[in-house]
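Commentary on secondary and tertiary structure
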Amino acid sequence: MKKIFFGSVTIFFASIIILCSCSKSSNSVRTTDLPAVYKKIYGATNMYAEGDVLVIQCKGLPDHKSPYYEDTKDSAMYEAYNGENPGFMLAMGKIEAMNYTFTIPLHPKEAEHKQATQLGPIGIAVNGVPFFNQYNGMGQALTTEINTFDQYNGHPTPDNAYHYHAEPYYLTTNKGKDALLGFLLDGFPVYGPVENGKVISNDSLDNYHGHFGVTADYPNGIYHYHITSTDPYINGDGYYGEPGTVSF
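A brief report on the enclosed structure follows. For clarity, every value in this text was computed on a predicted model and none was experimentally measured.

Turning next to the overall build of the chain. Scanning the chain from terminus to terminus reveals two helices and 16 strands. Out of the 248 residues belonging to the chain, those deemed buried represent 46%. Sequence-distant contacts in the chain: of pairs separated by 6 or more residues, those separated by 24 or more amount to 62%. Accessible surface, the chain as shown: approximately 13,200 Å² in total, 56% of it carbon and sulfur.

This model, assessed by the stated rule, comprises 11 aromatic pairs. With a centroid separation of 5.4 Å and an interplanar angle of 75°, the aromatic rings of Phe-188 and Tyr-223 are classed as edge-to-face. Separated by 35 residues along the polypeptide, Phe-188 in the loop between β9 (180–184) and β10 (189–191) and Tyr-223 in strand β14 (residues 222–226) bring together distant segments of the chain. Neither residue differs from the other here; Phe-188 and Tyr-223 are each classed as buried. Between Phe-188 and Tyr-240, the aromatic rings sit 5.5 Å apart at their centres with planes inclined by 70°, giving edge-to-face as the arrangement. Taken together, the positions of Phe-188 in the loop between β9 and β10 and Tyr-240 in strand β15 (residues 239–241) put the pair 52 residues apart, joining distant regions of the chain. Accessibility classification places Phe-188 together with Tyr-240 in one group, the buried group.

Here the focus is the side chain of Asn-235. Inspection of the secondary structure assignment puts Asn-235 in the loop between β14 and β15. The buried category is assigned to Asn-235, whose relative accessible area is 1%. In terms of polar contacts, Asn-235 uses its side chain to reach the backbone carbonyl oxygen of Tyr-208, at 3.4 Å. Reaching out from Asn-235, the side chain makes a polar contact with the backbone oxygen of Gly-238 at a distance of 2.8 Å.

Bringing the sheet that holds strand β1 (residues 44–50) into the picture now. Here four strands make up an open sheet; going across it, the order is β1-β2-β3-β16 and the pairing antiparallel. The sheet is open, and its two edges are formed by β1 and β16 (245–247), each paired on a single side. Adjacent strand axes in the sheet meet at a mean angle of 15°, parallel and antiparallel pairs treated alike. Bridge count for strand β2 (residues 53–58) against strand β3 (residues 100–105) is six bridges, and the pairing is antiparallel. Directly across from Leu-54, in β3, lies its bridge partner Ile-104.

Cut-offs and rules
Residues numbered from 1 in each chain as written. Predicted model: local features only at pLDDT ≥ 70, side-chain atom pairs only at ≥ 80, totals over all residues. Heavy atoms only, no water. Helix = DSSP H or I, 4+ residues; strand = E, 2+ residues; numbered from the N terminus. Buried < 20%, exposed > 50% of the residue type's maximum accessible area, 1.4 Å probe, protein only. Contact = heavy atoms within 4.5 Å. Areas by Shrake-Rupley, 256 points an atom, 1.4 Å probe, with all protein chains shown as cover. Phe/Tyr/Trp six-rings, centres within 6.5 Å; stacked < 30°, edge-to-face > 60°. Polar contact = N/O pair within 3.5 Å; in protein donor to acceptor, adjacent residues only side chain to side chain. Pairing = 2+ DSSP bridges. Axes fitted to C-alpha atoms, helices over the stretch in contact; angles between N-to-C directions.

All quantities given are derived from atomic positions and should not be read as evidence of function.
Okay, structure coming up:
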């Protein structure tokens, strides 16, 4: 009886090991197996591949201080406005954690039929804060809203979702004006306003606010967007590639 008992236990634990091994092998690619460029998205709470799609999960919380952190769960990150805009005024809303899931192509390519960017998140910055397009919540040009951008050039929606419409000053200050700043939903990267030591202007870019070229992360070249100091700031007439999805 003892031999049968221990044999049964051995079979039981062997079965568990096999099941666990199968579960692990069926999982998506681990973060450590992703190309190094995606590891620069340090604001992600989880990141993995599903086939040809990269899944990025994040809370959307900026890792810099802001007046919009006042009276929040992260109030230690509060800092009164100390930027250069004398017309600054607080927007409605504060900074709260969200539950974003971005899916973007791992191997982006030009779309045959281009799509306009939607209101709301159109991409993700490396610190996990969403990029928005060049329009306000009513689909109109940013005018008054610019005066609600904090000292790092972001602000929240009335629903407390913090985001950037334009250059994220905290990132360009700490990582460089020519650094990788994030990705749009079509999988193409977004770089700062400087390339090869020169400031990029809108005239240097196509209608989608990008161009093809070699970057530090893509030595063989890739289409990429550039942030500029004037409208449309991040993206022009729409996505250059086929966009993925975002939920929150």
